Amino acid sequence: MVSAGINFGSPRRTRVDLAEELQELKRERNAVILAHNYQVPELQDVADFVGDSLGLSYQAAKTDADVILFCGVHFMAETAKIINPTKRVILPDLDAGCSLSEACPPEKLAQFLKKNADKNYYVIAYINCSAGVKALANVICTSGNADKIVRAAPPERNILFVPDQNLGAWVMERTGRKMDLWQGNCYVHVEFTARSINRIRQQYPDAPVVAHPECTYAVRMLADEVCSTEKMVTFCKESPAREIIVVTEAGLLHRLGKEIPDKTFIPGPTDNCFCGECRFMKMNTLEKAYDALLNMEPEITLAEPLRKRAELPIRRMLELSR
Ligand code: 13P
Ligand code: SF4
């Protein structure tokens, strides 16, 4: 047991103690810990499963635990609750939001759909949105299955893609399917620029660039591969390169370093002093996760009619992307 260290409430309580106590508590509660690839290292290390939005949705759908401690942002935990109405879903910090979700309030989308009723839109919602938006959508997608979902859309319908204009544009490029795009973006991924990527490429001329589709067109054009965080892990494992430039939220580098220790991962730089970390993802800490499971709050709750409406397009996605 590590004795050096930080004071976490009691003079001898260390991070290692806390991680062990969390595991003990998890067994007592019959809980499962799910963590997104962008979570702080301590949370990734205690999780039963670390992955992207799609992988986490499948894990949430198949778990037989009574409690899901969801270490991610609000819409992810909410998705887990939507597909698990009888389980308790706990999020370490209820304020862990998402700039994409904020960009598309359900009332605005409802208004837009009403105003454009003549278009009879087939709405494809990126999973980074609230339950209210999911309830208005025909189908959900993640960055891991977006092209499959778009290809499966009825050919005669107009598509409205919400809320990420960059991911939407990327899927249009890949599928050739025209879509109307909601003008939202991820405040982290739009910080990467063509200039910052060109600069790092000069420094590491042999390193391929792998970027998330939430990046802008200019950045995607400079990347060797554009994909979801889970597919980035696969790309990095399979690439013969020893050094790889990873253009996404910095938390993924922890998992990459752990699973592929013999390669070097260079975080995508920005033009300013922005650290490449999502402030929402980083609201969750080991201490908050422990307290949340101990007190069984903050808990995600949803009105049943809304939950039911939001479940349908998620189930459709899970079926379509098998
Ligand atoms: P992934 O689904 O690729 O993990 O992305 C989620 C996300 O929030 C990206 O910013
Ligand atoms: Fe939302 Fe961007 Fe943070 Fe992902 S990285 S949770 S898209 S703000």
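Quantities reported herein were computed from a predicted structural model and do not represent experimental measurements.

S.K.: Which residues make up unusual backbone geometry, and what values do they have?
M.R.: Look at the link from valine 162 to proline 163: it is a cis peptide, with omega at -15 degrees. With an omega of 5 degrees, the peptide bond between glutamate 297 and proline 298 qualifies as cis. Relative to the elements of secondary structure, proline 298 occurs in the loop between helix 14 (286–295) and helix 15 (304–320). The phi dihedral of asparagine 30 is positive, around 50 degrees, even though this residue is not glycine. Position of asparagine 30 relative to the elements: it lies in the loop between helix 1 (15–29) and strand 1 (31–36). Owing to a relative accessible area of 36%, asparagine 30 belongs among the partly exposed residues under this scheme. Phi at asparagine 120 takes a positive value of approximately 45 degrees, unusual for a residue other than glycine. Inspection of the secondary structure puts asparagine 120 in the loop between helix 6 (106–115) and strand 5 (122–126).

S.K.: Any details on the site of ligand 2? Residues and values, ideally.
M.R.: In the vicinity of ligand 2 there are 13 residues, among which Cys98, Asn128, Cys186, Glu214 and Cys278 approach most closely. Looking at the shell around ligand 2 residue by residue, the classes come out as 10 nonpolar, 2 polar and 1 charged.

The rules behind the values
Residues numbered from 1 in each chain as written. Chains lettered and ligands numbered in written order. Predicted model: local features only at pLDDT ≥ 70, side-chain atom pairs only at ≥ 80, totals over all residues. Heavy atoms only, no water. Helix = DSSP H or I, 4+ residues; strand = E, 2+ residues; numbered from the N terminus. Buried < 20%, exposed > 50% of the residue type's maximum accessible area, 1.4 Å probe, protein only. Near = heavy atom within 4 Å. Nonpolar A, V, L, I, M, F, W, Y, C, P; charged D, E, K, R; others polar.

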